[in-house]
Structure formats: C-alpha cells, structure tokens
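Okay, here's what each chain looks like letter by letter:
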Amino acid sequence: MAPIVLRFFTDFFVYETTKSVVVKSWSVGIINRVVQLLIILYFICWVFLHEKAYQVRDTGIESAVMTKVKGLGSYPSRVMDVADYVAPPQGSSAFSIITKLIVTDNQTQGRCPETDDTFTCTTDDDCMNITGSHLGNGIVTGTCLINNSSNITNTKGQCEIQGWCPAENDQVNVSVMEGVENFTIFIKNSVRFPLFNVTRGNFPSSINKSYITHCNHDPIHHPFCPIFKVGDILKLMNQNLSKIASKGGEIGINIGWKCDLDHSVDMCNPQYTFTRLDAVFEQSSVSKGYNFRFAKYFQSPGGTEYRKLHKAYAIRFEIIVSGNAGKFSAVPFLINLVAAFTSVGLASVFCDIILLNFLQGAEQYKAKKFEEVSSVQTVSEKKTLPGQPKVNQSDGKEL
C-alpha cells in the first residue's frame, strides 16, 4: 500500500512539456507568420480600437424627451396653428402633424344611408347579409334605401345604418395644408448612464435664446441646434412632401448616444438619423400612409347633441433614443488580451494541417511529430514465474 501511495505522489509532482519540431521550410514559415500577423491585426484594429473591447459598457440608459412644434399652415378658408394640427398636444416623444382633413359637419344620432360602395344594394336581403359588419359608419339595419326621386327608375341603393348621420364620405378630394415644410420641431432630450452616473443633454447649456430662435439643425454647420425643420428632415430621407402629406406616413427621429467616457464627458454628444418607419407598406394596396379620426361635440339650444367629425391624414413622428457608453475596465481588457494570445496559437494549428496533408514529406513530418507505441507492458508482464526462463527484453531470446 505504501509504495502505491508513494508512486502516486511522485507521478503527481512532475512537469510535462510538449515536444517541439522545428520545420525549416520557407513556405510554411511565411504562412505561419502571415497568419499570426493577421490575428494580431484583427485584435488590435477591430477588437481593441474599433469595438473597444477593453471597456465595460452601459446600454441601459434612462431617457426623457419633450417636443414642441411651431409654425402656421394655410388651409382652404382658414389658417391652422399648432392647436389645430398637432395631436396629441402634450409634447411627448410621439406626435402627429395633420396635413389633410376631411370634415363631416352636423352629425346627429339617427338613421341614414351608408356612403361606402361596399354597402350598395338592390333589395333588403342584400343588407341582411351584411348585418353585423364593422366596416361602415354605423350599425346596418337590414333595410335597402333606394332613391327614386327622379323620373328614371333607380334599381340600386345604399344600406341603411343607425349611428351618426349623415355618414362620412372619405372619398372626396381635398387639398393638403400648405406650409408644412416650414414647420419646426424642437426636441429636448436628456439621457443618463446609470452605470457611470453620467447625465447628458442634446444641446449644451451654453446655447443662448438668440441662437435657439434663429437656428435650424444642420449636421455640419449647426450640429447642436435642437430645432428641426420638417422640410429638411424629408430632404435627408429623400421623401416627397406632397405625397406624404396627402396620404400620411410615419417618420422615426433616431437620437443615438455613443460615448467614450475615457475622454472628456463634453465629447459625449448625440447623432441624429431619420427613418421612414412605414416604408414597408408604401407599395401596399390595403393600408397606405397614416390617418385617424377625431370629433368635436356640441349641443344645440334645444338639447340635441351633434358633432363635427374629422378624418385626419398626418405625418406621425416617433423619437427613438438609444445609448451606448463605455469606459476602461481591467477585467474585459485582460479577458480579450488572453484571448488574443491564445488565438495566435491558431497559426500553428493551420500550419500543422498544411504540413500533415498538403506538402511533400508529410510522412516524415508525422514521424517526427508523433511517436507511436504499439503496446504497453504492464508490471505483471515484466515479472516471470519460478521455473520459467528469463527472456531478454531487447531481442526476445532466452537467457
């Protein structure tokens, strides 16, 4: 038992090293150094300089956005201000600028014919088949209303509905509001990186009121101006103003904070980009653009309630804030440094594949690199029983 324990400790406290084979080949040597150089350049240029993998990063930003729209629009027979064309009026990160309105005046509760072509009929049975439909302006009663006021007999009519009458007709042609391209959007954005306890705003506190009053954001000349002209945004996106104003659309204003906190915090500034969010639906025949409805309610002196219905086509703006801040930390630096040193060893693996499989003399290299053992003699095989001849281990002859 004691020899076994002693052998265990003597075998445990040993040092093993790999056997090195030096291959004097220009081609393999060049390949080895080139691969090592490429790996080193990858880690230096991409991992450390571009991706800054030596930094600990914070992407869980805390952000707040406030907006304010200004400008006057010209609509047939009226002038529109922000109270007329901005919805909702709270100044949040998502808002709409109305560019076209279809107005249905003096609607009251009652019964009237539907205006949509889907609800045409010749008999009451046609209307009974579509009762329960939610595509119209009211509840279908099942009655077909045919207008026979002229001398010519009319065989087609419209299904009767119960709801707000007269029913809205949104197929009429109306002009878009003029002056939309001159509207301005003031954006006030603050972000905080909680991991580093750093708070930044999208424009410096040194900006004065005079500058704010006259500037418009320009990526080159006025990068810190927080006022954006609608026409400039559309130009940067290569969008047609008349088309988007007629059908409506959704635009994303992306505020990206990418900060290297190894430098001065004053260098942590936002970058603005603009995206057409509903671009995937521009070619759709089902739902194009963006629109919504709202109503203004009134009451006559006699107590009858009536309303003015508006179908609004609008440009909807979504302000999307993202952030990524990094600062040097020893832990990611050491992890990536060790990964770089380890990866350099891949050059040897690559060269071994070439030497063992593709170059002349591969068998000679295998013989030098690998030492094959056909069998392993155990202790019991080395002992001889009493009376048996002893065998020379070198040549196998009896002694």
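Residues numbered from 1 in each chain as written. Predicted model: local features only at pLDDT ≥ 70, side-chain atom pairs only at ≥ 80, totals over all residues. Heavy atoms only, no water.

> Honestly, the nonpolar core in this entry has me stumped. Any pointers?
When a protein is soluble and globular, its nonpolar side chains tend to lie buried together. In terms of nonpolar packing, the biggest core is built from 41 residues, with Tyr85, Ile233 and Phe317 touching the most fellow members. With 6 residues, the single largest contributor to this core is strand 16 (residues 305-328). When near neighbours in sequence (up to four residues on either side) are disregarded, Ile233 contacts Ile185, Phe228, Ile251, Ile253, Phe274 and Phe317. (Core = buried A, V, L, I, M, F, W, Y, C linked by side-chain atoms within 4.5 Å. Buried < 20%, exposed > 50% of the residue type's maximum accessible area, 1.4 Å probe, protein only. Helix = DSSP H or I, 4+ residues; strand = E, 2+ residues; numbered from the N terminus. Contact = heavy atoms within 4.5 Å.)

> How should I be thinking about the pattern of salt bridges in this particular structure?
Pairing is possible between side chains of opposite charge, provided their charged atoms come close. Considering all chains together, one arrives at 10 salt bridges under this definition. A salt bridge links Asp260 to Lys52; the shortest N-O distance between them is 3.6 Å. Of this pair, Asp260 sits in strand 13 (residues 249-260) while Lys52 sits in the loop between helix 2 (26-50) and strand 1 (55-58); the two residues are 208 residues apart in sequence, bridging distant segments of the chain. What makes Lys52 partly exposed here is its relative accessible area of 24%. Linking Glu62 and Arg192 is a salt bridge whose minimum nitrogen-to-oxygen distance equals 3.1 Å. Here the residue Glu62 occupies a position in strand 2 (residues 62-70), and Arg192 occupies one in strand 10 (residues 184-193), the gap between them amounting to 130 residues. What makes Arg192 partly exposed here is its relative accessible area of 27%. Here the salt bridges do not stand alone but share partners, grouping Glu168, Asp170, Arg293 and Lys311 into one network. (Salt bridge = Lys/Arg side-chain N within 4 Å of Asp/Glu carboxyl O.)

> When you look at the packing of aromatic side chains in this model, what are you seeing that I'm missing?
Where two aromatic rings form a pair, the distance of their centres and the angle of their planes describe that pair. Scanning the entire structure with this criterion turns up 13 aromatic pairs. Between Tyr290 and Phe292 the ring centres are 5.9 Å apart and the planes differ by 45°, which places this aromatic pair in the tilted class. For Phe292, a relative accessible area of 18% gives the class buried. Arranged with centres 5.5 Å apart and planes meeting at 25°, the rings of Phe298 and Tyr306 form a pair that is stacked. Using a relative accessible area of 37% as the deciding quantity, one classes Phe298 as partly exposed. Put simply, the rings of Phe48, Tyr54, Phe328 and Phe333 pair up and form one aromatic cluster. Above the ring of Tyr313, the side-chain terminus of Lys100 is found at 4.4 Å from the ring centroid. (Phe/Tyr/Trp six-rings, centres within 6.5 Å; stacked < 30°, edge-to-face > 60°. Lys NZ or Arg CZ within 6 Å of the ring centre and 35° of its normal.)

Note that all results are geometric; they support no functional claim without further evidence.
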